[in-house]
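Topology and contacts: notes
One-letter residues, chain by chain:
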Amino acid sequence: MSHTPPEDKGLDPLVLRDQLFGLWNQNHLQVLHLAAIQGFSKLAEPHEALLTILESCPGKQKGRSHTLGYHILMDFQAWIKEHPQVSLSSFSVHKVVGLQRRALDLLTDTQPTFVECLIDIYKLRSLDPSILRLHIVKLQALNCYKEAVTLSINFGLQTELKAEEMLVPLVLQDKLPLAESFVKGHSHLQQQLVMLLDSWCHPQFRVEDIRKQFPRLSLSKHYSAQVQPKIITRHIFRLIEKFKIDQSLCPNALHKRRLDCLRYLMFKTFVEKTMTEENWTDHVQYVVADDLQLQVHLVEMLAKHCGLQKASQWSLKYNIPKNRLPPGVWETQQSLPPDLQQICLNDMTHEEWVPPQSHCQRFYQVPLAKDKVHFVDTTETLHRCRSILLKEGVVVGVDMEWQPTFGRVAAQKVALIQLAVLDQVFLLDLCAGGFCEQPDLVAFIRTLFSERNILKLGYSMTGDLKCLTATWPELSEEPLKTEGLLDLLKVHQKIQCGRINQVQDGPREVLVCENSAEKGLSLLVQQVLGKPLDKTEQMSNWERRPLRISQIRYAVADAYCLLDVYSTLSSNPASFGLPADLRSITSGQSKTSKEKKQKVKRDKKTAQAIGQEECQGAQRVSLPHSDTVKGLLCGESPSEGSPPLTPQQLRVVCDNMLQGLGRYLRCLGVDVVMLENTDDHRVAAKLAQAEGRVILTCGQPFQTLRSQVGEGRCLSLDCSEKARDQAVRVLKHFNVQPTPSDIFSRCQACNSDQYVAIPRADMVAMLKEKGFLQDHNNTGHMFENSCQQEELWLDDTLTPSGTPEPPRYATQCRWASLSGLDRDTMTFPGGSAIQLHTVPPALLQRIPLFYVCTRCGKVFWEGSHFGRVLSLFQEVLLIADDDSISAARPLTLAQNK
């Protein structure tokens with residue numbers, strides 16, 4: 001090499017390393033950079049020396065964003081660009097391969113830029129693919145699955161490796177995005193990933209069987225939650241859409257989604273009672289289709305919710321075999337007279353346009369006669385519609401309806417477009433034969449939405465426009481131009497913000513409906529016009545013709561109400577906290593980053609004030625002592641003598657930004673449902689409505705969630721606070737007084753309050769049977785002895801009767817019998833298996849009883865965690881005089897009854 005005289009051996013790499021290490025420890029990065037650049041020029045063989053230096057560099061250090069090796073490599077890359085004469089070409093092939101193999105070994109735990117740089121410097125892509133494959137297999141053997149996949153992607157070896165061996169560890173380690181990167185660009189691998197996930201949705205799938213293939217795999221903290229069918233199904237349908245995969249390849253996920261849809265329909269109709277029986281019947285028949293298993297589920301649910309007669313009618317419709325029927329259905333079938341053996345629906349053919357007086361008193365009504373509603377389904381009627389709507393200065397209320405996506409994957413296509421003006425409404429029927437394909441129709445839609453001087457009113461128009469694009473592919477090829485739109489959702493959000501700010505700025509004349517359970521457009525109509533919308537036809541079958549009168553009435557109201565709301569708001573915007581020009585709210589001017597930061601600060605300052613306004617409708621929270629709770633939700637201090645709440649009486653749903661808070665509350669016995677990271681925030685509203693929970697959230701989602709669940713059902717927390725402090729704030733806010741007996745009364749993993757106790761002897765037998773003690777030949781005898789001499793290990797936990805003392809929370813939760821456990825599969829009746837792999841063998845010597853959650857199979861045992869929780873929450877714990885608790889003393893977590 002020409003940069004150094006042959007007789008000169010150059011600078012010793014280890015000397016340079018020590019010099020750079022010293023500067024690194026002193027945090028002199030600028031000096032380190034200069035020293036590295038100068039040092040590289042003094043090395044006899046820079047490529048080999050660089051490897052010697054990197055191989056002995058320390059890893060990531062606390063407080064450092066990068067490693068020393070990263071800085072050295074980046075400096076070397078910059079230096080070598082200035083010295084093109086320094087290259088691998090001067091080495092023999094054998095020498096180059098040796099350097100490349102050494103470079104490969106440095107790619108196990110590095111950042112992407114580090115990896116790419118090392119690959120480039122040492123030309124690693126030129127290596128024999130067999131060497132690269134062998135290295136990836138070696139990484140897998142070392143449990144470096146993430147690094148193995150990253151390298152296979154970098155080297156383009158995905159198709160030459162066993163996909164399942166690469167993908168399964170990633171899913172179990174909660175690294176599905178990396179698995180998606182692995183299959184990117186390879187359609188057959190994408191299908192394999194989706195089919196693999198679908199196999200995990202099979203009812204007989206057991207994650208323990210998969211884990212046995214990777215016994216030394218280090219799992220993520222929440223891996224068991226990530227492989228639940230609900231989560232896996234969500235990923236499957238996302239990937240089906242992303243990769244354009246035929247959904248018939250995922251029968252298990254399809255069945256799971258349809259079953260979930262069936263349960264949802266049952267809830268909406270027979271529990272919440274917000275869906276008409278006609279709509280329910282339409283959707284149920286689509287969801288169930290010809291799937292016998294789903295038909296059986298339907299009959300079982302009907303027997304539970306509606307009684308045996310309706311269950312019998314549907315069982316006759318599907319001709320379900322006698323041996324698949326729930327108890328009593330067959331007998332009821334035989335006793336039904338012929339006229340009741342068919343499913344009977346209300347006759348809607350003679351339904352009147354004007355609804356009953358009770359309906360008029362309760363819901364918003366459109367002030368139009370039936371003859372003012374026009375169906376547009378031909379070119380002639382479209383021409384009349386154009387002549388009225390495409391005039392300068394016209395204000396048009398716009399809404400759209402489409403078929404609910406029960407079990408579907410494809411994007412929704414619009415079935416009906418409602419266009420309302422002051423004295424009439426036009427319904428564009430896209431399901432009429434051939435009408436949707438008319439070029440004049442698409443041209444009309446383009447003209448209407450692009451005309452600046454025609455004001456189009458909508459509510460949450462993003463979804464409508466997305467469905468329009470799915471309906472007409474040409475709107476994707478040549479995107480729809482939109483001018484003159486006013487999305488009243490933005491106006492509604494402005495009103496809601498004003499209601500919060502009035503707490504600090506003084507009262508403002510905002511119309512607020514007390515105890516409102518409405519949401520979305522219906523809530524806005526209620527706040528502005530005094531009555532909500534009737535939403536019972538919202539989830540109709542909008543593709544079936546003819547439409548019922550009640551469907552038409554609903555569709556007309558959804559569009560026309562926008563005109564009434566806009567008129568009322570425009571006539572007196574100040575009373576609603578709005579600017580004089582409502583269009584300025586959605587003018588499209590983006591906020592500067594400075595304005596956004598100021599808004600975040602304002603949100604934090606008003607977080608405390610928000611709770612004061614929560615008093616309206618607070619009694620809707622399903623907690624006892626409604627007067628007490630109402631005051632607490634208003635931010636009041638508990639009055640003297642007011643009864644406190646127990647943790648079991650508080651039921652909450654935590655947004656995915658407050659999972660730490662959720663774990664602390666659950667630890668103290670509160671019934672907590674936590675959203676997953678992939679969940680939409682609106683899931684919290686659905687859970688709150690369905691299960692009577694209070695939503696705990698923070699930041700921007702508060703506004704949306706608060707409007708969806710009614711007053712007093714949503715509490716905002718400060719994101720900057722630690723989870724422990726947030727938990728204390730919630731407990732004090734609701735006057736919840738946990739006791740030491742409440743600690744650990746709920747499973748920390750799944751929120752269940754039912755356990756089963758397993759003695760040590762049984763646990764040892766289970767571990768041996770499932771092979772978790774097979775590698776402990778020398779200690780197996782010790783375990784047997786420890787079981788025979790159990791009394792030696794129970795000195796401080798035995799009661800005088802010779803049995804372990806009951807846990808402190810024995811009265812706060814439920815206890816199942818060990819007889820319900822399937823000893824062959826180690827599963828509980830609900831299907832969860834005991835997580836035997838989490839029990840350290842060394843623990844068997846000193847733990848007399850193990851406690852297992854019957855819902856998720858998580859195993860608990862006596863430990864010091866109780867003391868830590870006790871010390872963390874002493875200020876809110878109600879400790880009685882007889883609670884002689886030592887934080888240092890371990891607590892037995894459970895006891896079988």
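What this report covers is the structure whose coordinates are included nearby. Source: prediction; values computed, not measured.

This part takes up the packing of aromatic side chains. Counted according to the given criterion, the structure contains 14 aromatic pairs. Here the aromatic rings of F40 and F76 are separated by 5.1 Å at their centres, their planes lie at 80°, and the arrangement is edge-to-face. Within this pair, whereas F40 is found in helix α2 (residues 29-41), its partner F76 is found in helix α4 (residues 68-82), the two being separated by 36 residues in sequence. Taking the relative accessible area as the measure of exposure, F40 reaches 0% and is therefore buried. According to the relative accessible area criterion, F76 is buried, its value standing at 0%. Put simply, the rings of F270, W280, W314 and Y318 pair up and form one aromatic cluster. Over the aromatic face of F237 sits the side chain of R257, whose NZ or CZ is 3.8 Å from the ring centroid. The aromatic ring of F873 is capped on one face by R724, whose charged end is 5.9 Å from the ring centroid.

Quick look at the sheet that holds strand β8 (residues 671-674) now. Across the sheet, four strands lie side by side as β8-β7-β9-β10; this open sheet has parallel pairing. The open sheet has two edge strands with one neighbour each: β8 and β10 (714-716). Between one strand axis and the next, the sheet turns by 25° as a mean value, whatever way the strands run. In this sheet, β10 lies alongside strand β9 (residues 694-697) in parallel orientation, the contact comprising three bridges. Bridging from a neighbouring strand, I695 pairs with C714 of β10. Taken strand by strand, helix α30 (residues 659-667) contacts β7 (651-654), β8 and β9, and its axis lies near 155° from that of β8.

Turning our attention to the sheet that holds strand β13 (residues 849-853). Strand order in this open sheet of four strands is β12-β11-β13-β14, and the pairing throughout is mixed. What marks the edges here is a single partner per strand, and that holds for β12 (814-815) and β14 (859-860). Relative to β14, β13 is paired through two bridges, and the arrangement is antiparallel. Bridged to V852 within β14 is V859.

Attention now goes to the side chain of S550. Here S550 shows up in helix α27 (residues 549-571). Of the residues examined, S550 reaches a relative accessible area of 9% and is grouped as buried. Separated by 2.7 Å, the side chains of S550 and E537 make a polar contact.

A few words on the packing of helix α21 (residues 379-389) against helix α22 (residues 439-450). Put simply, α21 and α22 touch, their axes get as near as 11 Å, and they point 15° apart. The angle between the axes of α21 and α22 places the two elements in the roughly parallel class. Note on packing geometry: the crossing formed by α21 with α22 is left-handed. When α21 is examined against α22, the residues L382, C385, R386 and L389 are found in contact with a partner set consisting of D440, L441, A443 and F444.

Further remarks concern the pairing of strand β2 (residues 395-402). Within β2, six of the eight residues are buried, leaving the element largely enclosed by the surrounding structure. As paired strands, β2 and strand β5 (residues 455-458) are joined by three bridges and run parallel to one another. Along β5, the bridge assignment pairs G397 with L457. Of the pairings in the sheet, the one linking β2 to strand β3 (residues 414-421) comprises six bridges and is antiparallel in character.

Reading guide: rules and limits
- Residues numbered from 1 in each chain as written.
- Predicted model: local features only at pLDDT ≥ 70, side-chain atom pairs only at ≥ 80, totals over all residues.
- Heavy atoms only, no water.
- Phe/Tyr/Trp six-rings, centres within 6.5 Å; stacked < 30°, edge-to-face > 60°.
- Helix = DSSP H or I, 4+ residues; strand = E, 2+ residues; numbered from the N terminus.
- Buried < 20%, exposed > 50% of the residue type's maximum accessible area, 1.4 Å probe, protein only.
- Lys NZ or Arg CZ within 6 Å of the ring centre and 35° of its normal.
- Pairing = 2+ DSSP bridges.
- Axes fitted to C-alpha atoms, helices over the stretch in contact; angles between N-to-C directions.
- Contact = heavy atoms within 4.5 Å.
- Polar contact = N/O pair within 3.5 Å; in protein donor to acceptor, adjacent residues only side chain to side chain.
- Parallel < 35°, antiparallel > 145°, perpendicular 65-115°, else oblique.
- Left-handed = near helix turned anticlockwise from the far one by under 90°.

By themselves, these figures tell us nothing about what the structure is for.
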